[in-house]
Amino acid sequence: MKTLLIACGNPLRGDDGIAHAVLAMLRRPADSRRVQQLTPESASDLAEFDCVIFLDADASVASCTIERAATADSFARLTHEASPAEIIHLARVLFHFSGDGFVCRIPAVDFSFREGLCPQAEAAALEAARQLEFFLLEQRAAAGE
């Protein structure tokens, strides 16, 4: 099973870079991309993978969650930013992506202009890396690897 991890966020905005920190913590990382924001161009990256996981900071969650990505049945906006659901939709329509999509939401609190994570985000990043390692092992086991 080929898995792609896409870390979204700006490491120069404090905890907004938490997804990038989580990627660096993984012991056996899958293929990965690091972006500041999702753009329609990201859809082409998904075509060769069986699974994609979008990692992102989220001020509205109290703990790390990994959930199936929402579905979109269109790409309504012609802007240079997109949601995971829209990227997956584009990948399915334009590049025949048939894999699974997930979103890993990581708690974050401080988005000020600075490098590095606040102490709460450091702890959340460690927990997210632990959960992702476990999730990836489960995915591989389910695929018979």
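Computed from a prediction, not measured in an experiment: that's the story for all the values here.

Attention shifts here to the pairing of strand β1 (residues 3–8). Of all the six residues making up β1, six are buried; the element is thus mostly covered by neighbouring parts of the structure. Of the two faces of β1, the one carrying T3, L5 and A7 and the one carrying L4, I6 and C8 are both buried. Pairing of β1 with strand β3 (residues 51–58), which is carried by five bridges, proceeds in the parallel orientation. By the bridge assignment, L4 is partnered in β3 with V52. Two strands pair when backbone bridges link them, and β1 and strand β2 (residues 31–35) are joined in this way by five bridges, in the parallel orientation. Its bridge partner lying in β2, C8 is registered against V35.

With that out of the way, let us pick up the environment of F102. Mapping F102 onto the fold places it in strand β5 (residues 100–107). When its relative accessible area of 7% is taken as the criterion, F102 is described as buried. Put simply, F102 and F134 are 32 residues apart on the chain and 14 Å apart in space, counted from C-alpha to C-alpha. Once residues within four sequence positions are removed from consideration, F102 is found in contact with C51, V52, I53, F54, I66, E67, R68, A69, F135 and Q139.

A word on a nonpolar patch on the surface. A surface patch of nonpolar side chains, amounting to about 270 Å² of accessible area, comprises V93, L94 and F95. Tracing the backbone through its elements, the reader meets L94 in helix α2 (residues 84–95).

Right, let's talk about the packing of helix α1 (residues 18–25) against helix α3 (residues 119–142) for a bit. Packing of α1 against α3 leaves a shortest axis separation of 9 Å and a crossing angle of 50°. In terms of orientation, α1 lies oblique with respect to α3. By crossing handedness, the relation of α1 to α3 is classed as right-handed. Contact residues: α1 offers I18, V22 and M25, while α3 offers A121, E122, A124, A125, L126, A128, A129, L132 and E133. Classifying every residue of the contact of α1 with α3 gives ten nonpolar, no polar and two charged.

Here five strands make up an open sheet; going across it, the order is β2-β1-β3-β5-β4 and the pairing mixed. Edge positions in the sheet fall to β2 and β4 (65–68), since each of these pairs with one other strand and no more. Between one strand axis and the next, the sheet turns through 20° on average, direction left out of account. When β4 meets β5, the two strands line up antiparallel, connected through four bridges. Paired with R68 across the strands is F102, a residue of β5. The strands touched by α2 within the sheet are β3 and β5, with β3 carrying the most contacts at an inclination of about 160°. α3 rests against β1, β3, β4 and β5 of the sheet, and its axis sits at about 160° to β5.

Following the sequence through the fold, D16 ends up in the loop between β1 and α1. Beyond its immediate chain neighbours, meaning those up to four positions away, D16 contacts C8, G9, N10, A57, D110 and F111.

The next point concerns the environment of K2. Structurally, K2 is set in the segment before β1. As a C-alpha pair, K2 and D110 span 108 residues in sequence and 33 Å in three-dimensional space. Apart from residues no more than four positions distant in its own chain, K2 is found in contact with D31, E48, F49, D50 and C51. Side chain to side chain, K2 and E48 meet in a polar contact 3.2 Å long.

Reading the values: rules and limits
Residues numbered from 1 in each chain as written. Predicted model: local features only at pLDDT ≥ 70, side-chain atom pairs only at ≥ 80, totals over all residues. Heavy atoms only, no water. Buried < 20%, exposed > 50% of the residue type's maximum accessible area, 1.4 Å probe, protein only. Helix = DSSP H or I, 4+ residues; strand = E, 2+ residues; numbered from the N terminus. Pairing = 2+ DSSP bridges. Contact = heavy atoms within 4.5 Å. Patch = residues over 30% accessible without salt bridge, like charges linked within 9 Å, V, L, I, M, F, W, Y side chains within 5 Å. Areas by Shrake-Rupley, 256 points an atom, 1.4 Å probe, with all protein chains shown as cover. Salt bridge = Lys/Arg side-chain N within 4 Å of Asp/Glu carboxyl O. Axes fitted to C-alpha atoms, helices over the stretch in contact; angles between N-to-C directions. Parallel < 35°, antiparallel > 145°, perpendicular 65-115°, else oblique. Left-handed = near helix turned anticlockwise from the far one by under 90°. Nonpolar A, V, L, I, M, F, W, Y, C, P; charged D, E, K, R; others polar. Polar contact = N/O pair within 3.5 Å; in protein donor to acceptor, adjacent residues only side chain to side chain.

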